[in-house]
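Overview (structure and organization)
Each chain, letter by letter, is given below.
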Amino acid sequence: MEKDLIIDGLRIHYDETGPEHGAPVIIMHGWGCDHSTVRSIAALLEKGMHVYNIDLPGHGRSDEPPATWGVDEYTKLVEDFCSRLEISNPSLIGHSFGGRIGLLMASRNPVRKMILVDAAGIKPRRKPKYYFKVYSFKIAKKLLPLILGEKRGKSAIDRWRGKAGSADYRNSSPVMRAVMSRCVNQDLKHVMPDIKASTLLVWGENDTATPIADANYMEKNIPDAGLVAFPDAGHYSFLDNPGGFAAVTREFFKRELAPKQS
């Protein structure tokens, strides 16, 4: 059932499915997506678990953040969501950006289990070319309006941004561009040893957005973590290999999905 909840003045849209007394699980999509992107994951679990599939702020039908949020603000939003709906000890599933939230939330809250799917959270290593591009852009933002005038300078900056930025960045609003920049530069390696939940890492070996090296690092540094990697899958491994993903997910949640004894 599609629902809305107001948290600190923000409308948060979510889909709630599954038996009322099933074990709760919260699904968090990736950047530039919404709850419909991970609907196939919800469908795997909703026969036995109580599923909350959230549109994160700035995505789908949820409001944009009121300021330049980082991972901590997004995590607090999900924590407040759980508090408002009296969800205790949930399982978490996070794809890509949603995995950032899962990492931080599981490091500081009781979480039953967690699946991280091609998850972000490790700051990528940058080549000198990247920093040259970034600092050149920052300088241009200050100088071009002075040289060309406010209007022409802004137009030139927008053209530069359109050519240089990623597709996710280009397709985001100004607020969400700032949010994305802040979140991408947050490294969550330091919280991984604090995660007590049993964690399943599901990855595509051909993932170029969050490479398999990130998964290997998480497996070593999250105390109770195991990795399943699909050789012919990329950043959306749950869509690239739906059968394999379904099998490992059902096995991981077999207790939660088992029919309840009357």
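One can find the structure itself at the top, above this paragraph.
In this report, the structure presented in the accompanying data block is examined. (Residues numbered from 1 in each chain as written. Predicted model: local features only at pLDDT ≥ 70, side-chain atom pairs only at ≥ 80, totals over all residues. Heavy atoms only, no water.)

1. Quick notes on the overall build of the protein chain
This is how it is decided: By definition, any uninterrupted DSSP run of H or I lasting at least four residues is a helix, any uninterrupted run of E lasting at least two residues is a strand, and each is numbered from the N terminus. Here the term buried applies to any residue with accessible area under 20% of the maximum for its type, exposed to any over 50%, and partly exposed to those in between, with areas from a 1.4 Å probe on protein chains only. Under the convention used here, a 1.4 Å probe and the Shrake-Rupley method define accessible areas, while residue burial counts only the protein chains that appear.
A tally of regular secondary structure across the protein chain gives eleven helices and eight strands. For the protein chain, buried positions account for 48% of its 262 residues. Accessible surface, the protein chain: about 13300 Å² in total, of which carbon and sulfur atoms supply 53%.

2. Points about the packing of helix α2 (residues 71-84) against helix α3 (residues 97-108)
Our working definition: Fitted lines through C-alpha atoms give the axes, limited to the stretch in contact for helices. The angle between two N-to-C directions lies from 0 to 180 degrees. Comment on the angle field: the value is read as roughly parallel under 35 degrees, roughly antiparallel over 145, roughly perpendicular from 65 to 115, and oblique elsewhere. In this scheme the crossing of two helices becomes right-handed for a clockwise turn of the near helix relative to the far one and left-handed for an anticlockwise turn of less than a right angle. Residue contacts are counted whenever heavy atoms from the two residues lie within 4.5 Å of one another. Basically, the charged four are Asp, Glu, Lys and Arg, the nonpolar ten are Ala, Val, Leu, Ile, Met, Phe, Trp, Tyr, Cys and Pro, and anything else, Gly included, counts as polar.
Axis separation between α2 and α3 bottoms out at 9 Å; the angle between their running directions is 70°. It follows from the interaxial angle that α2 and α3 lie roughly perpendicular. Crossing geometry of α2 relative to α3 is assigned as right-handed. Between α2 and α3, the residues in contact are Val 71, Asp 72, Tyr 74, Thr 75, Lys 76, Val 78, Glu 79 and Cys 82 and Phe 97, Arg 100, Ile 101, Leu 104, Met 105 and Arg 108, respectively. A per-class count over the contact of α2 with α3 returns eight nonpolar, one polar and five charged.

3. With respect to the sheet that holds strand β1 (residues 2-7)
Test applied: Two strands pair if DSSP finds at least two bridges between them.
Overall, mixed pairing links the eight strands, which are arranged β1-β2-β4-β3-β5-β6-β7-β8 in an open sheet. Single-partner strands in this sheet number two, and they are β1 and β8 (225-230). Within the sheet, the average angular offset between the axes of one strand and its neighbour, ignoring direction, is 20°. Here strand β7 (residues 198-204) pairs with β8 via six bridges, running parallel. Following the sheet pairing, Trp 203 is matched in β8 by Ala 229. Taken strand by strand, α3 contacts β3 (23-28), β5 (91-95) and β6 (113-117), and its axis lies near 145° from that of β5. Across the face of the sheet, helix α8 (residues 212-221) comes into contact with β6, β7 and β8 while running at roughly 160° to β8.

4. With respect to the pairing of strand β2 (residues 10-17)
Among the eight residues of β2, seven are classified as buried, and the element is accordingly described as predominantly covered. In this structure, the hairpin formed by β1 and β2 is closed by a connection of two residues, where Asp 8 is found at a positive phi of approximately 50°. Judged from the four bridges that link them, β2 and strand β4 (residues 49-54) form a sheet pairing that is antiparallel. Bridge pairing in β4 links Asp 15 to Asn 53.

5. With respect to the pattern of salt bridges
Spelled out, the test is: Whenever a carboxyl oxygen of Asp or Glu lies within 4 Å of a side-chain nitrogen of Lys or Arg, that contact is scored as a salt bridge.
On inspection of all chains with the given rule, the structure shows twelve salt bridges. With a shortest N-O distance of 2.7 Å, Arg 112 and Glu 256 are connected by a salt bridge. Of this pair, Arg 112 sits in the loop between α3 and β6 while Glu 256 sits in helix α11 (residues 254-257), and the two are 144 residues apart along the sequence. A relative accessible area of 39% means that Arg 112 is categorised as partly exposed. If you follow the salt bridges from partner to partner, you end up with Asp 15, Arg 39 and Glu 46 in one network.

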